[in-house]
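Each chain, letter by letter, is given below.
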Amino acid sequence: MEAPDGVWHQCKSCKETITAKVLAENLWVCPGCDYHERIGSTDYFSFLFNEGSSEILFSDIVSKDFLNFSDLKSYKTRLEESKIKTGLTDAMQVAKGKMNEVEAVIAAMDFKFIGGSMGSVVGQKIALSVDESLKNKLPFICIAKSGGARMMESATSLMQMAKTSAKLSQLAKAKLPFISLLTDPTTGGVTASFAMLGDINIAEPGALIGFAGPRVIKETIKKDLPKGFQRSEFLLEHGFLDQIIHRKDLKDKISQLLIMLSN
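Residues numbered from 1 in each chain as written. Predicted model: local features only at pLDDT ≥ 70, side-chain atom pairs only at ≥ 80, totals over all residues. Heavy atoms only, no water.

Visitor: A description of the layout of surface pockets should follow, citing residues and the corresponding values.
Guide: The volume enclosed by the second largest pocket comes to roughly 180 Å³. It is helix α2 (residues 41-48) that contributes the most residues to the lining of the second largest pocket, 3 residues altogether. (1 Å grid on protein atoms, 1.4 Å probe; cavity = no way out; pocket = protein on both sides within 12 Å on 5 of 7 lines; lining within 4 Å. Points joined across faces, edges and corners; volume = space filled by probe spheres on them. Helix = DSSP H or I, 4+ residues; strand = E, 2+ residues; numbered from the N terminus.)

Pasting the structure below:
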């Protein structure tokens, strides 16, 4: 979360300019308009886990171009470029650690890695996260931030929807809590699978959540959409979410929810 002095950032919502250091200290929430900037898995781990309590899991699992897929670039090239650009091995990181007094497994997605798309590695990391939770009798938290399934892996990517849903049913049978946190954006096959299967589904303020995006829907039905359509507040009002939680309150409120569910 650290940022050097003198680096400036313009809020995408109110257009106010503040230093990146101040924004990072405020958990990447604009102090003026409360707009929640997109952040990655490492950032979430930095403030959700107690300092020094967490460890990264399954970092050795990487995607392969097993179909030799190519559009404007080969999938292999996209993977290598994304690894260099982000310093990550894929669109999800998993860590285990303590949130206040509660130990938990957290899987968090990274939009900067090929749009946070769900391929075989994302599905496998969720499956292994569930296994880790079952083995140690720990709650599982998933932070979704994705453009959907990864087309470069074709049907193998779509298979992850069924795979992740099936694995999560094992948590339910073991009576271990699963909390799903939906952040901006959560769309496509991720929304249609594990992201909406939490015992409690929560979201950050103003997050875009849906299957197809609002632009695609508007072009398809040829009608204007309701104000705030597919944003967190709209979904909460229509019963698709249980709570909207400000980023500053996530650690305390999620740990409280986990204690309640565990009891």
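Next comes the rest of the description.
Visitor: Go over the sheet that holds strand β6 (residues 140-146), please, and point to the residues and values.
Guide: Reading across the sheet, the 7 strands line up as β3-β4-β5-β6-β7-β8-β9 and stay open at both edges, with mixed pairing between neighbours. Both outer strands of the open sheet, β3 (55-57) and β9 (243-244), are each paired with one neighbouring strand and no more. In this sheet, strand β4 (residues 92-99) lies alongside β3 in antiparallel orientation, the contact comprising 3 bridges. Bridged to Leu57 within β4 is Val94. Taken strand by strand, α2 contacts β3, β4, β5 (102-109), β6 and β7 (178-186), and its axis lies near 5° from that of β4. (Pairing = 2+ DSSP bridges. Contact = heavy atoms within 4.5 Å. Axes fitted to C-alpha atoms, helices over the stretch in contact; angles between N-to-C directions.)

Visitor: An account of the side chain of Thr187 is needed here, citing residue identities and associated values.
Guide: Structurally, Thr187 is set in the loop between β7 and α6 (188-191). Overall, Thr187 belongs to the buried group, its relative accessible area being 11%. Polar side-chain contacts of Thr187 include one of 3.0 Å to the backbone oxygen of Ser146. Those residues in contact with Thr187 that sit more than four places away from it in its chain are Ser146, Gly147, Gly148, Leu208, Gly210 and Phe211. (Buried < 20%, exposed > 50% of the residue type's maximum accessible area, 1.4 Å probe, protein only. Polar contact = N/O pair within 3.5 Å; in protein donor to acceptor, adjacent residues only side chain to side chain.)

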